[in-house]
Amino acid sequence: MKLGGLIGGPGLNSEDGPTVTGFAIDHRKVAPGTVFGAFRGAKFNGEDFIPDAIRSGAVAIVSRPEAKVDGAARVTDEEPRRAFAQLAAKFFAPFPEISVAVTGTNGKTSTVELTRQLWRMAGHHAASIGTLGVTTAEDQVKTGLTTPDIVTFLSNAAGLEREGVTHLAFEASSHGLSQYRTEGLPVGAAAFTNLSRDHLDYHGTMEAYLTAKLRLFTEVVDKDGTAIVWADDPASAQVIEAIEGRGLRGLSVGKKGRAIRLVSRTPTQLGQRLDVEADGQAYAINLPLIGAYQANNALVAAGLVWATGGDIGATLGNLSRVQPVRGRLERAVITKAGAPVYVDYAHTPDALEAAIDALRWHAKGRVITVFGAGGDRDTGKRPLMGEVAVKLSDHVIVTDDNPRSEDPAAIRAEIMAGAKGAVEVEGRREAIAAAIAEAGADDIVLLAGKGHEQGQEIAGRVLPFDDVTVARECVT
Ligand SMILES: CC(=O)N[C@H]1[C@@H](OP(=O)(O)OP(=O)(O)OC[C@H]2O[C@@H](n3ccc(=O)[nH]c3=O)[C@H](O)[C@@H]2O)O[C@H](CO)[C@@H](O)[C@@H]1O[C@H](C)C(=O)N[C@@H](C)C(=O)N[C@H](CCC(=O)O)C(=O)O
Ligand SMILES: Nc1ncnc2c1ncn2[C@@H]1O[C@H](COP(=O)(O)OP(=O)(O)OP(=O)(O)O)[C@@H](O)[C@H]1O
Ligand SMILES: N[C@H](CCC[C@H](N)C(=O)O)C(=O)O
Ligand SMILES: [Mg+2]
């Protein structure tokens, strides 16, 4: 593709200009023919790297009008990240025929994964992109972030299309939305799962956090697309208002849902029975996953499949055959005393509540909760996580998560400030061992916060660590 064809403009034909070979937002990745996006970030001002990018062969720079560019074509926009996403999408297209996005504080990974599974059961070649990486039926490749950078995202989406993927579900995190990391491609449907406290270090206030999420509905999803809204969340009304403001088709899901109404939920030993009404019909579903939160995500996933052309009866029927999502209420091992040990990715107060609540029904005895909190992330959530854990569990062990650059003892102290009666154990392995040693036959152990993660980040180094493996090692 020639630069003229990409950026257009007066006097510029589609065959004019140098050949565009790629896109980059990091000047170290610029090669001859690259379009460089120069953005102001949290740590650096990408505009400072424009001369370096041009020296490395950048043929065009996308930036704010104020940025100085000498020696390459320029595309200016007050919102250069958005302009860059649109140009990059033009370059990387085509994309899977159907793409859908999920936002919300909790439940994005679970919902995109379940959506992918439901599509596959309907015979489609489906993929998901999110915290677990790029997942297809055959493969899983990690990207490092929930929402990768825009170049990684669009090139992966296009690569999936070349592999024959027709259906793509991706996570749109609030960071990703506010930095225009997942857009440019057509998005046929978007879902909202819930809103609760997280990431206030980045967004500042809950209002700003919600506003970042709302952009998925007000700008990113196609204007003739559909919004699926979990209706039972306190923030749902504001999401519905935004959807109506844009005239989007909306499907609400939940106890208060109109499109998919959850009539009742009955836990069973290995899962739950859901009675649901959709499209004027009643359905009984035996969902092989435990916990109210997993039922919620499963129904939102069904809504996404329905909104993009799936048959609702068949889709709800297929929910009885879904596989568990890695690290979300995953049963790791049963202790010698007979207590099941579950691993869950709860790393917010609300998620911790959902995870403990899910296990409560299954415990004849005590729920023993082990958790910590990540460093270099929202500090205000720490005492709140402590409060929720001690309120809902019978015994709580506060330990380390990913301390990152922070002092682990200081993070634990902030959690302990809200966790009256909890025991503090330094070292996650030691804490897991203590919980397992403590658990009796009727108890359940919950290891929360790290889910599927394969490493623990301490002082800039990632050391191998997997809650499931460690739990098994503590049992043998
Ligand atoms: C706070 C945050 O979100 N930061 C992300 C963001 O950085 P930024 O735009 O602020 O970048 P910056 O480092 O200040 O640099 C500014 C610009 O200069 C460029 N640069 C920088 C240095 C250089 O030598 N050359 C150069 O060209 C950078 O590529 C960038 O375009 O964009 C970068 C590239 O896409 C990301 O790697 C980086 O993620 C950091 C590592 C991070 O930890 N992000 C976390 C908080 C995050 O995004 N998490 C959410 C999860 C949320 C959830 O699901 O709960 C996620 O979506 O993963
Ligand atoms: N619908 C929900 N309501 C409340 N809590 C939930 C819900 N879905 C998931 N959770 C909790 O949040 C945890 C993380 O779930 P999941 O990975 O699906 O969310 P996510 O939004 O992708 O998280 P992240 O922001 O880290 O990408 C789960 O392990 C569970 O504890
Ligand atoms: N997407 C989340 C993951 C948190 C996982 C938890 N284990 C932690 O390290 O805080 C974040 O980047 O905030
Ligand atoms: Mg996720």
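Nothing here was measured: the structure is a model prediction, and the numbers come from that model. (Residues numbered from 1 in each chain as written. Chains lettered and ligands numbered in written order. Predicted model: local features only at pLDDT ≥ 70, side-chain atom pairs only at ≥ 80, totals over all residues. Heavy atoms only, no water.)

## Focus: the sheet that holds strand S13 (residues 260-267)
- Within the open sheet, the eleven strands sit side by side as S8-S7-S6-S9-S5-S10-S11-S12-S13-S14-S15. Their pairing is mixed. The open sheet has two edge strands, strand S8 (140-141) and strand S15 (281-287), and neither has a second partner.
- The pairing of strand S14 (residues 272-278) with S15 spans seven bridges and is classified as antiparallel. Looking across to S15, one finds that leucine 274 is bridged to isoleucine 285.
- Together, strand S5 (98-103), strand S6 (126-130), strand S7 (133-135) and strand S9 (167-171) form the strand contacts of helix H4 (residues 108-121), whose direction differs from that of S9 by roughly 170°.
- In the packing of helix H9 (residues 236-246) onto the sheet, the strands contacted are strand S10 (189-192), strand S11 (226-230) and strand S12 (249-254), and the crossing angle to S11 comes to about 170°. (Pairing = 2+ DSSP bridges. Helix = DSSP H or I, 4+ residues; strand = E, 2+ residues; numbered from the N terminus. Contact = heavy atoms within 4.5 Å. Axes fitted to C-alpha atoms, helices over the stretch in contact; angles between N-to-C directions.)

## What about the sheet that holds strand S3 (residues 60-63)?
- Spatially, S1-S2-S3-S4 is the arrangement adopted by the four strands of the open sheet, whose pairing is parallel. The strands lining the two open edges of the sheet, one partner per strand, are strand S1 (22-24) and strand S4 (73-76). Adjacent strand axes in the sheet meet at a mean angle of 20° when their direction is disregarded.
- Sheet analysis places strand S2 (residues 34-37) next to S3, joined by three bridges and oriented parallel. What sits directly across from phenylalanine 36, in S3, is isoleucine 61.

## So, helix H5 (residues 150-162)
- The first and last C-alpha atoms of H5 sit 18 Å apart over 13 residues, in line with the 18 Å expected at 1.5 Å per residue.
- Against the buried residues of H5 lie S1, helix H3 (80-92), S6, S7 and S9.
- A positive phi of about 100° marks glycine 164, the residue just after H5. (Expected span 1.5 Å × (residues − 1).)

## Quick word on helix H14 (residues 408-416)
- Buried within H14 are the following residues: Ile411, Arg412 and Ile415. Viewed along the axis of H14, the buried residues span an arc of 100°, placing them on a single side of the element.
- In this fold, the buried residues of H14 make contact with strand S18 (367-371), helix H13 (381-392), strand S19 (395-398) and strand S20 (423-424).
- Where H14 begins, the side chain of aspartate 407 points an oxygen toward the backbone nitrogen of alanine 409, at a separation of 3.1 Å. (Buried < 20%, exposed > 50% of the residue type's maximum accessible area, 1.4 Å probe, protein only. Arc of directions from axis to C-beta. Polar contact = N/O pair within 3.5 Å; in protein donor to acceptor, adjacent residues only side chain to side chain.)

## Examining the UniProt feature "domain: Mur ligase N-terminal catalytic" (unreviewed entry) in the protein chain
- With numbering matched to this structure, UniProt assigns "domain: Mur ligase N-terminal catalytic" (unreviewed entry) to residues 20-81.
- Secondary structure content for residues 20-81 is 13% helix and 24% strand, and the end C-alpha separation is 18 Å. (UniProt positions renumbered as here; feature names shortened; annotations may be inferred.)

## A few points about the pairing of S12
- With five bridges joining them, S11 and S12 adopt parallel strand pairing. Each residue of the ladder has a partner; that of alanine 227, found in S12, is glycine 250.
- As paired strands, S12 and S13 are joined by two bridges and run parallel to one another. Considered in S13, the bridge of valine 253 is made with isoleucine 260.

## Digging into the packing of aromatic side chains
- Across all of its chains, the model carries seven aromatic pairs by this definition.
- Between phenylalanine 23 and phenylalanine 84 the ring centres are 5.3 Å apart and the planes differ by 65°, which places this aromatic pair in the edge-to-face class. Here phenylalanine 84 lies in helix H3 and phenylalanine 23 lies in strand S1, a separation of 61 residues in the sequence.
- Look at phenylalanine 23 and you get buried, because its relative accessible area is 8%.
- Assessed through its relative accessible area of 0%, phenylalanine 84 is described here as buried.
- When the centroid spacing of 5.1 Å and the interplanar angle of 80° are considered together, the rings of phenylalanine 91 and phenylalanine 92 count as edge-to-face.
- Assessed through its relative accessible area of 15%, phenylalanine 92 is described here as buried. (Phe/Tyr/Trp six-rings, centres within 6.5 Å; stacked < 30°, edge-to-face > 60°.)

## Section: the site of ligand 3
- Around ligand 3, the surrounding shell consists of His199, Tyr345, His347, Gly374, Arg377, Asp401, Asn402, Arg404, Gly449 and Glu453.
- With respect to ligand 3, the side chain of arginine 377 contributes an N or O atom lying 2.9 Å from an oxygen atom.
- A distance of 2.8 Å separates an oxygen atom of ligand 3 from a polar atom in the side chain of asparagine 402.
- Here ligand 3 has 350 Å² of accessible area as a free molecule, and 87% of this is covered by the chains.
- Broken down by class, the residue content of the shell around ligand 3 amounts to one nonpolar, five polar and four charged. (Near = heavy atom within 4 Å. Areas by Shrake-Rupley, 256 points an atom, 1.4 Å probe, with all protein chains shown as cover. Nonpolar A, V, L, I, M, F, W, Y, C, P; charged D, E, K, R; others polar.)

## Structural notes on empty space enclosed by the protein
- Under the defined criterion, the tally for this structure stands at two cavities of 30 Å³ or more.
- In this model, the largest cavity occupies a volume close to 40 Å³.
- If you go around the largest cavity, the residues you meet are Thr109, Val112, Glu113, Ser128, Ile129, Gly130, Thr131, Leu132, Gly133, Thr135 and Glu171.
- Of the pockets and cavities examined, the second largest cavity occupies roughly 30 Å³.
- Looking at side-chain class alone, the lining of the second largest cavity contains five nonpolar, two polar and three charged residues. (1 Å grid on protein atoms, 1.4 Å probe; cavity = no way out; pocket = protein on both sides within 12 Å on 5 of 7 lines; lining within 4 Å. Points joined across faces, edges and corners; volume = space filled by probe spheres on them.)

## Things to note about the packing of H13 against H14
- Relative orientation of the contacting elements H13 and H14 amounts to 55°, with a least axis distance of 6 Å. Here H14 runs oblique to H13, going by the angle between their axes. The residues of H14 that touch H13, namely those facing Arg382, Pro383 and Gly386, are Ile411, Glu414 and Ile415.
- Of the residues that constitute the contact of H13 with H14, the class distribution is three nonpolar, one polar and two charged. (Parallel < 35°, antiparallel > 145°, perpendicular 65-115°, else oblique.)

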